[in-house]
Amino acid sequence: MSTFTIDTSTSRATPSPVPGKRMTVPAIRARKKDGRTEQPIVMLTAYTMRMAQLLDPHCEVLLVGDSLGQVIYGLPSTVPVTLEMMCAHGAAVVRGSWHSLVAVDMPFGSYEGSPEQAFASASRVMKETGCAAVKLEGGEAMAETIAFLTRRGIPVIGHVGLTPQAVNVLGGYGARGKSEKEAQKILSDAKAVADAGAFLIVVEGVMETIATEVTRTVAAPVIGIGASAECDGQVLVTEDMLGLFERTPRFVKRYDDLASRIGHAAAAYAEEVRSRAFPTEEQTYRPKS
Ligand code: KIV
């Protein structure tokens, strides 16, 4: 039995209110017509069933990003993230959503060796999670692999510019494309990935001028993160956007301050436990009189 079957009798997961209405790869791809996207594509990361349920009505794409390594597991980078982690969280996000297209990141080391290795890893991710697409980092070097996967029924999202899995080569997470040479490389990477068949391209942490040039140049929709409002859509790490972390990249906008709200709730709970104010009659079971 696949891991993404919903057991409606025992699970908190909501069954699909509108079966068969999930966004599809062709529908997302078709949002960009004649080089323009009328309405930008909304994409957020999700790693858990409940977060997927909350975000799903507002997004076209939910990305199970390998950023979960840092956000969920407290790892120093995305490099140690495993296929097992991606499969477990991918299946949870599929269970918690019914409208958005769910894409799962291929973790470092699971696809770079050869197109065949990438196919084995990506097909496992799709079988175990029920996701509709995978994302992988890299430009020209990954073009052959993207074409190989796409021709074999695996829709691929490309990811160019700042590629966090390459942190050890790049030496950090600074913006890319500051020199003309680097800018040209990002543009040729995006073109290569698009020509290879990627149906979406994430452009991360680049000079705005490059993001707009990439968006104008390639036929596939371009999703920006630390890029430009001119992109065909935007993505952020949800926990960053919700204000769960004190330190975030410059390109993050906080739409809430959940860290302090959670702190206040936990402090109120702790105070009531210590003073025996919780639980009250309302939260306790008593014999019926
Ligand atoms: O891993 C991730 O969450 C990502 C997005 C930030 C694009 O790759």
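This text goes with the structure placed above it.
Rules used in this analysis
- Residues numbered from 1 in each chain as written.
- Predicted model: local features only at pLDDT ≥ 70, side-chain atom pairs only at ≥ 80, totals over all residues.
- Heavy atoms only, no water.
- Phe/Tyr/Trp six-rings, centres within 6.5 Å; stacked < 30°, edge-to-face > 60°.
- Lys NZ or Arg CZ within 6 Å of the ring centre and 35° of its normal.
- Buried < 20%, exposed > 50% of the residue type's maximum accessible area, 1.4 Å probe, protein only.
- Helix = DSSP H or I, 4+ residues; strand = E, 2+ residues; numbered from the N terminus.
- Pairing = 2+ DSSP bridges.
- Right-handed = clockwise from strand over helix to strand, strands pointing away.
- Axes fitted to C-alpha atoms, helices over the stretch in contact; angles between N-to-C directions.
- Contact = heavy atoms within 4.5 Å.
- Core = buried A, V, L, I, M, F, W, Y, C linked by side-chain atoms within 4.5 Å.
- Expected span 1.5 Å × (residues − 1).
- Salt bridge = Lys/Arg side-chain N within 4 Å of Asp/Glu carboxyl O.
- Left-handed = near helix turned anticlockwise from the far one by under 90°.
- Nonpolar A, V, L, I, M, F, W, Y, C, P; charged D, E, K, R; others polar.
- Polar contact = N/O pair within 3.5 Å; in protein donor to acceptor, adjacent residues only side chain to side chain.

J.: A description of the packing of aromatic side chains should follow, citing residues and the corresponding values.
T.: How two aromatic rings sit relative to each other is given by the distance of their centres and the angle of their planes. Within the structure shown, the criterion is met by 1 aromatic pair. The side chain of Arg 152 reaches across the aromatic face of Phe 148, ending 3.5 Å from its centre.

J.: Let's hear about the pairing of strand E5 (residues 101–105): which residues, and what values?
T.: Taken across its 5 residues, E5 has 5 buried, putting it largely inside the fold. With burial as the criterion, each face of E5 is covered, one bearing Leu 101, Ala 103 and Asp 105 and the other bearing Val 102 and Val 104. Inspection of the sheet shows strand E4 (residues 61–64) paired to E5 by 4 bridges, in the parallel sense. From the neighbouring strand, Val 61 faces E5, where its bridge partner is Leu 101. The sheet contact formed by E5 and strand E6 (residues 133–137) spans 3 bridges and is parallel. Considered in E6, the bridge of Asp 105 is made with Lys 135. Once the chain exits E5 it traverses helix H5 (residues 115–129) before rejoining the sheet at E6, and the crossover so formed is right-handed.

J.: Explain the sheet that holds strand E8 (residues 200–204) residue by residue, including any values.
T.: Pairing within the closed barrel is parallel, and its 8 strands lie in the order E3-E4-E5-E6-E7-E8-E9-E10. Within this sheet the neighbouring strands show an average axis-to-axis angle of 25°, counted without direction. For strand E9 (residues 222–225) and strand E10 (residues 233–236), the ladder comprises 2 bridges, and the chain directions are parallel. By the bridge assignment, Ile 223 is partnered in E10 with Gly 233. Relative to the sheet, helix H8 (residues 180–195) contacts strand E7 (156–161) and E8, its axis offset from that of E7 by approximately 175°.

J.: Tell me what's going on with the nonpolar core, and back it up with residues and numbers.
T.: Ranked by size, the top nonpolar core spans 79 residues in total, and within it Leu 101 and Ile 201 carry the most contacts. The dominant element in this core, judged by the number of residues it contributes, is H8, at 7 residues.

J.: For H5, give the residues involved together with the corresponding values.
T.: The end-to-end C-alpha distance of H5 is 21 Å, a good match for the 21 Å that 15 residues give at a rise of 1.5 Å each. Regarding H5, the residues found buried are Pro 115, Ala 118, Ser 121, Ala 122, Ser 123, Val 125, Met 126 and Thr 129. Residues of H5 that are buried sit in contact with helix H4 (83–95), E5, E6 and helix H6 (143–151). Backbone geometry just after H5 places Gly 130 at a positive phi near 85°.

J.: Account for the pairing of E9, with residues named and values stated.
T.: Neither face of E9 is open: one carries Val 222 and Gly 224, the other Ile 223 and Ile 225, and all of them are buried. Relative to E9, E8 is paired through 4 bridges, and the arrangement is parallel. Along E9, the bridge assignment pairs Val 202 with Ile 223. A crossover links E8 with its parallel partner E9, the connecting element being helix H9 (residues 208–217), and its sense is right-handed.

J.: Residues and numbers for the pattern of salt bridges, please.
T.: Summed over all chains, the structure comprises 10 salt bridges. In this structure, Arg 31 and Glu 60 form a salt bridge, with 3.9 Å as the shortest nitrogen-oxygen distance. Remark: Glu 60 occurs in the loop between helix H2 (49–55) and E4 and Arg 31 occurs in the loop between helix H1 (25–29) and strand E1 (32–33); sequence separation between them is 29 residues. Under the relative-accessibility criterion, Glu 60 is labelled buried at 14%. A salt bridge links Lys 185 to Glu 140, with the shortest nitrogen-to-oxygen separation between them at 2.7 Å. Here Lys 185, found in helix H8, pairs with Glu 140, found in the loop between E6 and H6; they are 45 residues apart in sequence, far enough to count as distant. Taking relative accessible area as the criterion, Lys 185 reaches 40% and is therefore assigned partly exposed.

J.: Which residues make up the packing of H4 against H5, and what values go with them?
T.: Packing of H4 against H5 brings their axes to within 8 Å, and their N-to-C directions diverge by 35°. Remark: the crossing between H4 and H5 carries right-handed chirality. Every residue of H5 that contacts H4 at Leu 83, Glu 84, Met 86, Cys 87, Gly 90, Ala 91 and Val 94 is listed here: Ser 121, Arg 124, Val 125, Glu 128 and Thr 129. Here the residues of the contact of H4 with H5 are counted per class, giving 6 nonpolar, 3 polar and 3 charged.

J.: How would you summarise the side chain of Ser 100 if you had to cite specific residues and measurements?
T.: Relative to the helices and strands, Ser 100 resides in the loop between H4 and E5. In this structure the side chain of Ser 100 is engaged in a polar contact, spanning 2.7 Å, whose partner is the side chain of Asp 56. Of the polar contacts made by the side chain of Ser 100, one reaches the backbone oxygen of Cys 59; its length is 3.2 Å. Residues within four places of Ser 100 in sequence aside, it is in contact with Arg 22, Met 23, Asp 56, Cys 59, Glu 60, Val 61 and Leu 62.

Don't take any of this as a statement about function, it's just geometry.
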